[in-house]
Amino acid sequence: MSDAINYAAREPLRDGTQIDIRTLRPEDEADMLTAVGRTSPQSLQRRFFVMKRHFSEKERAFFMYVDFKNHVAIVALAEEAGSKVIVGGGRYIVFEPGRAEMAFVVIDSWQGRGIGSILMRHLVRFASDAGLHELTAEVLPENTAMIKVFGKFGFKPAARRDPQILHLVLKLG
């Protein structure tokens, strides 16, 4: 998608609450770190596969400065106490031509309301528009909610590289 960097949309959650979906921007770093701080250790472990609370400068640069070609990242923003705050995010990173790996995180107080599915739908559309032919995801087996979201979009289990991690694949187009 050529205008991915300027992408924005408004979406209703299951309960009717409106959220904004837009591309991640470098100036979102403080808000992103605040969202990480509001996310439980269990949810962060499900996303990063290790206990994670802090990020090095190199990690922050990697997560925040995306090129919207080989690394696409979007955020979900919701209104809380009169301000827009990041309540979730998703991304894909191309790891070889035509193939990318996806990952998501939603802060705990917003989980179970459809944000993961909304982020997934937008990223799958970006990937299709970019001509990718396969999306993959690595999920811990106990993360049943995310496995359900991936399954809803047609991701299928594939050969595992690590017996502790479920490897899922979606063929596009």
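Heads up: these notes are all about the structure in this document.

The rules behind the values
Residues numbered from 1 in each chain as written. Predicted model: local features only at pLDDT ≥ 70, side-chain atom pairs only at ≥ 80, totals over all residues. Heavy atoms only, no water. Helix = DSSP H or I, 4+ residues; strand = E, 2+ residues; numbered from the N terminus. Buried < 20%, exposed > 50% of the residue type's maximum accessible area, 1.4 Å probe, protein only. Contact = heavy atoms within 4.5 Å. Areas by Shrake-Rupley, 256 points an atom, 1.4 Å probe, with all protein chains shown as cover. Core = buried A, V, L, I, M, F, W, Y, C linked by side-chain atoms within 4.5 Å. Pairing = 2+ DSSP bridges. Right-handed = clockwise from strand over helix to strand, strands pointing away. Axes fitted to C-alpha atoms, helices over the stretch in contact; angles between N-to-C directions. Parallel < 35°, antiparallel > 145°, perpendicular 65-115°, else oblique. Left-handed = near helix turned anticlockwise from the far one by under 90°. Nonpolar A, V, L, I, M, F, W, Y, C, P; charged D, E, K, R; others polar. Expected span 1.5 Å × (residues − 1).

1. Some points on the overall build of the chain
Per the secondary structure count, the chain includes five helices and eight strands. Each of the 173 residues in the chain was classed as buried or not, and the buried ones make up 46%. Long-range contacts, defined as pairs at least 24 residues apart, comprise 58% of the intrachain contacts of the chain with a sequence gap of at least 6. If you sum the accessible surface of the chain, you get close to 9,000 Å²; carbon and sulfur atoms cover 54% of it.

2. With respect to the nonpolar core
Among the nonpolar cores identified, the biggest contains 47 residues, and Tyr92, Met102, Ile115, Met120, Leu135, Phe150 and Phe155 are the most heavily contacted of them. Among the elements that take part in this core, helix H4 (residues 115-129) stands out by supplying eight residues, more than any other. Residues contacting Phe155, with those up to four places away along its chain left out, are Met102, Met120, Leu135, Thr136, Ala137, Phe150, Leu168, Val169 and Leu170.

3. Some thoughts on the pairing of strand S6 (residues 134-139)
Most of S6 is tucked away: five of the six residues are buried. For strand S5 (residues 99-106) and S6, the ladder comprises four bridges, and the chain directions are parallel. Residue pairing across strands places Glu101 opposite Thr136, the latter belonging to S6. You can see the chain leave S5, run along H4 and come back into S6, and the turn it takes is right-handed. Strand direction decides the pairing type here: S6 and strand S8 (residues 166-171), joined by six bridges, are antiparallel. Along S8, the bridge assignment pairs Glu134 with Lys171.

4. Some words on the packing of H4 against helix H5 (residues 144-152)
Look at H4 against H5: their axes get within 10 Å of each other, and the N-to-C directions meet at 40°. Taken together, H4 and H5 sit at an angle that is classed as oblique. Remark: the crossing between H4 and H5 carries right-handed chirality. Between H4 and H5, the residues in contact are Gly116, Ser117 and Met120 and Met146, Val149, Phe150 and Lys152, respectively. Tallied by class, residues from the contact of H4 with H5 come to four nonpolar, two polar and one charged.

5. A look at the environment of Leu135
Its place among the elements puts Leu135 in strand S6. Given a relative accessible area of 0%, Leu135 falls into the buried group. Sequence-wise, Leu135 and Leu172 are 37 residues apart; in three dimensions their C-alpha atoms are separated by 7.5 Å. Residues contacting Leu135, with those up to four places away along its chain left out, are Ala100, Met102, Val124, Ala127, Phe155, Leu168, Val169, Leu170 and Leu172.

6. A few points about unusual backbone geometry
With phi around 60°, Phe68 is a residue other than glycine that occupies positive phi space. As for its position among the elements, Phe68 is in the loop between helix H3 (57-64) and strand S3 (71-80).

7. Observations concerning H4
In an α-helix, one turn spans 3.6 residues, which is why side chains three or four residues apart end up on the same side. Across its 15 residues, H4 extends 21 Å between first and last C-alpha, which sits within 8% of the 21 Å expected from 1.5 Å per residue. Summarising burial for H4: 11 of the 15 residues are buried, a large majority. Within the span of H4, buried status applies to Ile115, Gly116, Ser117, Ile118, Leu119, Met120, His122, Leu123, Val124, Phe126 and Ala127.

8. Digging into the sheet that holds S3
Pairing is mixed in the open sheet, where eight strands are placed in the order S1-S2-S3-S4-S5-S6-S8-S7. At either end of the open sheet lies a strand with only one pairing partner, and these are strand S1 (8-12) and strand S7 (156-157). As paired strands, strand S2 (residues 18-23) and S3 are joined by four bridges and run antiparallel to one another. Along S3, the bridge assignment pairs Arg22 with Val75.

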